[in-house]
Amino acid sequence: MTNVSPLPGRDEDDREWHGRAACRGLGTDPFFQPADESSAERAVREEAARQVCAPCPVRVECRRHALNSREPYGVWGGLTEEDRRALYARAG
Ligand code: SF4
């Protein structure tokens, strides 16, 4: 998947932290599931994305954005779709 935004997802809101993102310039492929991805491939891709996110200086901002906007897809701030669903469920 190719996206004109330097970060995964949409760029409809003000995200000044984009410029400091560790994933800047990487494209969206490491962060979003392609249609034909197996569960094993998904696990590998998501772990690779987490490795990018782990030292990212804007991980907190990214994670906050994804949770607040209920981003349905992708790895954001080191959280997968499943991670976020679990957090939503726990929060009630
Ligand atoms: S936390 Fe991950 S997805 Fe978010 S900006 Fe940083 S590297 Fe990109």
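Look above for the structure.
Rules behind the numbers
- Residues numbered from 1 in each chain as written.
- Predicted model: local features only at pLDDT ≥ 70, side-chain atom pairs only at ≥ 80, totals over all residues.
- Heavy atoms only, no water.
- Near = heavy atom within 4 Å.
- Helix = DSSP H or I, 4+ residues; strand = E, 2+ residues; numbered from the N terminus.
- Nonpolar A, V, L, I, M, F, W, Y, C, P; charged D, E, K, R; others polar.
- Phe/Tyr/Trp six-rings, centres within 6.5 Å; stacked < 30°, edge-to-face > 60°.
- Lys NZ or Arg CZ within 6 Å of the ring centre and 35° of its normal.
- Buried < 20%, exposed > 50% of the residue type's maximum accessible area, 1.4 Å probe, protein only.
- Polar contact = N/O pair within 3.5 Å; in protein donor to acceptor, adjacent residues only side chain to side chain.
- Contact = heavy atoms within 4.5 Å.
- Core = buried A, V, L, I, M, F, W, Y, C linked by side-chain atoms within 4.5 Å.
- Arc of directions from axis to C-beta.
- Expected span 1.5 Å × (residues − 1).

Caption draft 1: Expanded view of the site of the ligand. If you check the shell around the ligand, you find 13 residues, and the closest are Cys23, Cys53, Cys56, Cys62 and Gly77. For the shell around the ligand, the secondary structure elements donating two or more residues are helix H1 (39-53) and helix H2 (59-68). Class assignment of the residues belonging to the shell around the ligand gives a composition of 11 nonpolar, 1 polar and 1 charged.

Caption draft 2: Region of the structure containing the packing of aromatic side chains. A complete count under the given rule lists 1 aromatic pair for this structure. Positioned over the ring face of Tyr88 is Arg70, at 3.9 Å from the centre of the ring.

Caption draft 3: Just the side chain of Glu81, in detail. Within the secondary structure, Glu81 is located in helix H3 (residues 81-91). Judged by its relative accessible area of 9%, Glu81 is buried. A distance of 2.8 Å separates a polar atom in the side chain of Glu81 from the backbone nitrogen of Gly74. When residues no more than four places from it in sequence are discounted, the contact partners of Glu81 are Arg42, Pro72, Tyr73 and Gly74.

Caption draft 4: Region of interest: the nonpolar core. In this structure, Phe31, Val58, Val75 and Trp76 are the most contacted members of the largest nonpolar core, which totals 13 residues. When residues of this core are traced back to their parent elements, those giving at least two are H1 and H2.

Caption draft 5: Seen up close, H3. When H3 is considered as a whole, its buried residues turn out to be Glu81, Arg84 and Tyr88. Here the buried residues of H3 occupy an arc of 65° about the axis, which is enough to place them on one side. Turned more than 90 degrees away from the buried face of H3, the exposed residues are Glu82, Ala89 and Arg90. On its buried face, H3 is in contact with H1 and H2. Downstream of H3 by one or two residues, Gly92 has phi in the positive range, about 85°.

Caption draft 6: Representation of H1. Taking 1.5 Å per residue as the helical rise, H1 with its 15 residues ought to reach 21 Å, and the 21 Å between its terminal C-alpha atoms agrees with that figure. Among all positions of H1, only Arg42, Arg45, Glu46, Ala49 and Cys53 are buried. On an axial view of H1, the arc spanned by its buried residues comes to 100°, and they lie on one face. Across from the buried face of H1, at angles greater than 90 degrees, the exposed residues are Ala40, Val44 and Gln51. Where H1 is buried, its residues meet H2 and H3.

Caption draft 7: Inspection of the environment of Gln51 at higher detail. Within the secondary structure, Gln51 sits in helix H1. Looking at Gln51, the relative accessible area reads 51%, which means it is exposed. Considering only alpha carbons, one finds Gln51 and Gly78, 27 residues apart in sequence, at a separation of 7.9 Å. Side-chain polar atoms of Gln51 contact the side chain of Glu47, separated by 2.6 Å.

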